[in-house]
2 protein chains.
Amino acid sequence: MIEYDGTGYHGWQRQQNAPSIQQSIEEVIEKVVGHQVELIGAGRTDAGVHALGQTANFHTSSNIVIDKMPLAFNSMLPDDIVIKNTETVPEDFHARYQAKGKRYRYIIRNAKFPSALMRNREYFCHYPLDIPLMQKAIKLFVGMHDFKGLAAAGSSAKDTVRTIYDAQIKQEGENLVIDFYGNGFLYNMVRIMVGTLVDVGRGKLPIENIEKLISEGDRKLGGITAPPQGLYLVEVLY
Amino acid sequence: MIEYDGTGYHGWQRQQNAPSIQQSIEEVIEKVVGHQVELIGAGRTDAGVHALGQTANFHTSSNIVIDKMPLAFNSMLPDDIVIKNTETVPEDFHARYQAKGKRYRYIIRNAKFPSALMRNREYFCHYPLDIPLMQKAIKLFVGMHDFKGLAAAGSSAKDTVRTIYDAQIKQEGENLVIDFYGNGFLYNMVRIMVGTLVDVGRGKLPIENIEKLISEGDRKLGGITAPPQGLYLVEVLY
C-alpha cells in the first residue's frame, strides 16, 4: 500500500521529462532488487491527485525478505511517497486488472477563505452550496450505468459501463467530504461527478441534468471537472 | 486572524536574506495602504511552525474599509498565508503585549511509517509510547511555574514565570494531539515540553524529571526539543 502527496508530480504514470510517482518508486525498487522493474499501479492518478492507499505490483528475481522492503524503499524515497506495506502475490497478479473495487474521496472547502495549510489538499469553493440537494443528487450516480458522459475526452476506455456501489457527502465543519465506492472509474470520472455536484449545489445546473448526463452520455450536460488537489485514492479492493 | 503554513519560511520574524511571514504580509499591506508599516505579531513562531490563528496589528493612515482588507491582502499574498479577518483596534493596542492567553497544539504521528501527506505537519515518532504515563506527566506542567528550565538558550525573557491553565493529550487514530493553553510561553517552551513528554513516554526519562526540571530550572533535566513541523499556534486571546 502506497501513500503519496501528488502535488509535486505529473501523476502516477511514467512520462518523458516530468516527474512521476511510478518512476520515482521504480528507480528505488531497482536499486534495492538490482534489476529493472515495471511497477503496475492499480490507479493511474492524475497530476496533483493524492493517494492514501494506492497499490502496485512488480516482478522480481531478488530474494530480499518481503517484510524488509518498506523500510528499504522508504529510506531512499522522497518523503512525499511512503510505502506502507508489501506482500508476495501470485505470479499472474495484476494490480490494475484484478482490482475489484476502489474507494475515492474528494474534499471541498466551502468557506469564505481558503486554508493556507490545506491549499494543496482540497478544492476551495466559496459559493454557497445547497448540501441537502447535493446529497440527493449524488445518489443518482449510484448503480450500474454507462458513464460515457462522465469521462474526459482523452479517455481510451471502450467499455464505459461502471457500477458505483455507494456514494455520499458528509459535512465536517467547513469541509464537504465526498466518498465514492465503485468497481472502477473512467478517466476524470470522479472529478466530473464532483464538479457536476458542485454546479448543482450552487444552482448553476438543474439536478435533472445528472439523469440526462447518464442517459444521453453527453459530457456537455455535466458540470466542471473539479480540480485534482481535492482527490484521494483511498483504497483498492481485490 | 492569520493562518499560515510555516514550511517555506524562516519563522514569523523579519530577517535579513531569509523569507519570513512578517515580511511577506508587511509587503502586501504596504501595497494596499500605500505607506510603510510594521506588523506586530502576537507570537514569533519559529521556522517550520504553523499558525491557525496568529494575530497581528499595524498602524495606518489609510481609509480603506476594514472589511475589504482580507480579500485585498489575500489576492496578493502567497497561498501559504491567508488572512481570515481584520478589525479596527484602539490606537494603543499591541498584539503581543496585550495577549492574555495563547493556545498551541502539537501533533505527533506515532506509527510504523510517517505520512507522505502530513510530513510537514506533524512529528513522526516510531517509538512505542506509554500514553497514559504521558497524560499523567503533562499535568505536571499545569499551573504557575518558573519555566526557566524549559526555555531555549537564546531566550531573552527576564521573567520566566508563566501559567499554564490547561494541557492535555488526546489519541486520535495514529496521532497524539497535544493541547496547551497558557498566559504565555517562553522561546521553544512548547517544543521542549513535548520533547520531554516523548522521552518520558518512551521510557528514556523518569516522570520525576519533570518536577525537577521545573524546580531546579536546569534545561539538561528535560528531553529533546521536539521538531517545529508538529507545532501550531491555534489561538491568541485578549
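Our subject is the structure listed above.
**Considering unusual backbone geometry**
Phase 1: The phi dihedral of A:Asn17 is positive, around 60°, even though this residue is not glycine.
Phase 2: Mapped onto the fold, A:Asn17 is located in the loop between strand E1 (2-4) and helix H1 (21-33).

**Looking at the environment of B:Phe185**
Residue and element names in this part refer to chain B.
Phase 1: Position of Phe185 among the secondary structure elements: in the loop between strand E10 (175-182) and helix H4 (189-201).
Phase 2: Relative accessible area serves as the criterion here: at 13%, Phe185 is assigned to the buried category.
Phase 3: Phe185 sits 23 residues away from Arg162 along the chain, and the two C-alpha atoms are 6.8 Å apart.
Phase 4: Apart from the residues within four sequence positions on either side, Phe185 is in contact with Lys102, Tyr104, Arg162, Ile164, Phe180, Val190 and Met193.

**Things to note about the packing of aromatic side chains**
Phase 1: Per the stated rule, a full pass over the model turns up 12 aromatic pairs over all chains.
Phase 2: With 6.4 Å between their ring centres and 80° between their planes, A:Tyr106 and A:Tyr123 make a pair best called edge-to-face. On the criterion of sequence distance, the pair formed by A:Tyr106 in strand E6 (residues 101-109) and A:Tyr123 in strand E7 (residues 123-124) is long-range, its members being 17 residues apart. Accessibility classification places A:Tyr106 together with A:Tyr123 in one group, the buried group.
Phase 3: Taken together, a centroid distance of 6.4 Å and an interplanar angle of 65° make the contact between B:Phe58 and B:Phe73 edge-to-face. Note that B:Phe58 is positioned in the loop between strand E4 (56-57) and helix H2 (69-76) and B:Phe73 in helix H2, a separation of 15 residues in sequence.
Phase 4: Taking relative accessible area as the criterion, B:Phe73 reaches 2% and is therefore assigned buried.

**With respect to the pattern of salt bridges**
Phase 1: All told, the structure shown has 26 salt bridges over all chains when counted by the stated rule.
Phase 2: One salt bridge connects B:Arg191 with B:Asp46, and the closest N-O pair in it is separated by 3.1 Å. Here the residue B:Arg191 occupies a position in helix H4, and B:Asp46 occupies one in the loop between strand E2 (40-41) and strand E3 (50-54), the gap between them amounting to 145 residues.
Phase 3: One salt-bridge network, in which partners are shared between bridges, spans A:Asp5, A:Asp79, A:Arg121 and B:Arg119.

**Thoughts on the interface of chain B and chain A**
Phase 1: Counting residues at the interface gives 25 residues for chain B and 24 residues for chain A.
Phase 2: Between chain B and chain A lies a buried interface of about 1900 Å² when both sides are counted; carbon and sulfur atoms form 59% of it.
Phase 3: It is B:Phe113, B:Leu117 and B:Arg119 in chain B that bury the most area against chain A; as a group they hold 39% of the surface buried on that side.
Phase 4: Inspection of the region where chain B meets chain A yields 4 salt bridges.
Phase 5: Where chain B packs against chain A, one counts 12 residue pairs in polar contact (both at pLDDT 80 or more).
Phase 6: For the side of chain B that touches chain A, the secondary-structure elements that each account for two or more residues are strand E1 (2-4), E3, H2 and strand E5 (81-83) of chain B.
Phase 7: Residue classes in the side of chain B that touches chain A are distributed as 14 nonpolar, 3 polar and 8 charged.

Reading the values: the criteria
- Residues numbered from 1 in each chain as written.
- Chains lettered and ligands numbered in written order.
- Predicted model: local features only at pLDDT ≥ 70, side-chain atom pairs only at ≥ 80, totals over all residues.
- Heavy atoms only, no water.
- Helix = DSSP H or I, 4+ residues; strand = E, 2+ residues; numbered from the N terminus.
- Buried < 20%, exposed > 50% of the residue type's maximum accessible area, 1.4 Å probe, protein only.
- Contact = heavy atoms within 4.5 Å.
- Phe/Tyr/Trp six-rings, centres within 6.5 Å; stacked < 30°, edge-to-face > 60°.
- Salt bridge = Lys/Arg side-chain N within 4 Å of Asp/Glu carboxyl O.
- Buried area = accessible area lost by both parts, 1.4 Å probe.
- Polar contact = N/O pair within 3.5 Å; in protein donor to acceptor, adjacent residues only side chain to side chain.
- Nonpolar A, V, L, I, M, F, W, Y, C, P; charged D, E, K, R; others polar.

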